[in-house]
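# Structural overview for review
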Amino acid sequence: PEKLGLALSGGGFRASLFHLGVLRRMAELDILRDVEVLSTVSGGSIVGALYVLFLKKQIDTRGNLTRTHYLDIVDQVQTTMIKGIQLNLRLRLFMNPLGLLRVLLTEHTLGRRMSRLYERYLYGEPVRLLDLDPTYARRAKWWRPGYIPLRAVWFAPEGHDVKGIYQYNAGNSSKLPNLVLNATSLNSGQSFRFSAAEIGDSRLGLFRWDEIETELNPRKRLLELPDSTFD
């Protein structure tokens, strides 16, 4: 059977705001429920991840949703996005002298600091709504308010692994999209893909989340070795 996918392009917060309009119109037409794959990059990933987090909570709680529920979810995403934009996260990146000193003196990067701001001010609220594993719940509450592993975003029916989302979507009118985050690897220049089920690129290959330690990390370290190592 055919599946409906939605791609959200990049462009920072301007792209995110544009995509909010796309989500709202699809909700009004009652076709947002049919999206089974959500592929995003950059600004599209910001709003795409928020949408999936809020949607997951509703599906976990209610099961199949109505058109009104989808409109409410888009409203939640919009409210959270506007709050984040008004806080000017980029400016906040440079407002913490101790944080900047840490960047200068340690391996802590500006990118990592920015990710913490996103976790706290954008993703903290939807993450707190989810019924997480106690380990992640404690971490989300006290240490990193918006942090959860990507695989925790999937809806896995009881008795199934993360691929249980496919069985769930096949039997329900409200689909939970497989969220695919796309980025460019600075190491290889390849398009790197993150999802709840697998990560990787065309050079490394694709690896399931449970293969990262045993397969991906050793291969990544091997690719980082200079060519002279193999002479």
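Placed above this text is the structure.
This one's a predicted model, so the numbers in the text were calculated from it and none came from an experiment.

Reading the values: rules and limits
- Residues numbered from 1 in each chain as written.
- Predicted model: local features only at pLDDT ≥ 70, side-chain atom pairs only at ≥ 80, totals over all residues.
- Heavy atoms only, no water.
- Salt bridge = Lys/Arg side-chain N within 4 Å of Asp/Glu carboxyl O.
- Helix = DSSP H or I, 4+ residues; strand = E, 2+ residues; numbered from the N terminus.
- Buried < 20%, exposed > 50% of the residue type's maximum accessible area, 1.4 Å probe, protein only.
- Pairing = 2+ DSSP bridges.
- Axes fitted to C-alpha atoms, helices over the stretch in contact; angles between N-to-C directions.
- Contact = heavy atoms within 4.5 Å.
- Patch = residues over 30% accessible without salt bridge, like charges linked within 9 Å, V, L, I, M, F, W, Y side chains within 5 Å.
- Areas by Shrake-Rupley, 256 points an atom, 1.4 Å probe, with all protein chains shown as cover.
- Parallel < 35°, antiparallel > 145°, perpendicular 65-115°, else oblique.
- Left-handed = near helix turned anticlockwise from the far one by under 90°.
- Nonpolar A, V, L, I, M, F, W, Y, C, P; charged D, E, K, R; others polar.

### Details of the pattern of salt bridges
Pairing between side chains of opposite charge can happen when their charged atoms approach one another. Inspection of every chain in the model, using the stated rule, returns 3 salt bridges. With its nearest N and O atoms 2.3 Å apart, the salt bridge here joins Arg-24 to Asp-75. Within this pair, whereas Arg-24 is found in helix H1 (residues 12-28), its partner Asp-75 is found in helix H3 (residues 67-86), the two being separated by 51 residues in sequence. A relative accessible area of 34% means that Asp-75 is categorised as partly exposed.

### Re the sheet that holds strand S1 (residues 4-8)
Read across the open sheet, the 6 strands follow the order S1-S2-S3-S4-S5-S6; overall the sheet is mixed. Each end of this open sheet is capped by a strand with a single partner; those strands are S1 and strand S6 (205-208). Across the sheet, the mean angle from the axis of one strand to that of its neighbour is 15°, orientation sign disregarded. Taken strand by strand, helix H2 (residues 43-62) contacts S1, strand S2 (35-41) and strand S3 (178-184), and its axis lies near 145° from that of S2.

### As for the environment of Val-77
Position of Val-77 among the secondary structure elements: in helix H3. On the basis of relative accessibility, which here comes to 0%, the residue Val-77 falls in the buried class. For the pair Val-77 and Gly-48, spaced 29 residues apart in sequence, the C-alpha separation works out to 9.2 Å. Beyond its immediate stretch of four places on either side in the chain, Val-77 contacts Leu-20, Val-47, Leu-50, Tyr-51 and Phe-54.

### A closer look at a nonpolar patch on the surface
A surface patch of nonpolar side chains, amounting to about 500 Å² of accessible area, comprises Leu-98, Leu-101, Leu-104 and Leu-105. Position of Leu-104 relative to the elements: it lies in helix H5 (residues 97-105). Its relative accessible area of 71% is what places Leu-104 among the exposed residues.

### Topic: the packing of H1 against H3
Two measures define how a pair of helices packs: the angle their axes make with one another and the distance between the axes. Contact geometry for H1 and H3: axes closest at 9 Å, N-to-C directions at 165°. Of the possible angle classes, the one that applies to H1 and H3 is roughly antiparallel. Considering only the axes of H1 and H3, their crossing is left-handed. Between H1, through Phe-13, Ser-16, Leu-17, Leu-20, Leu-23, Arg-24, Ala-27 and Glu-28, and H3, the contact on the second element is made entirely by Arg-67, Tyr-70, Leu-71, Val-74, Asp-75, Val-77, Gln-78, Met-81 and Ile-85. Within the contact of H1 with H3, the residues separate by chemical class into 11 nonpolar, 2 polar and 4 charged.

Any functional reading would require information that these geometric values do not contain.
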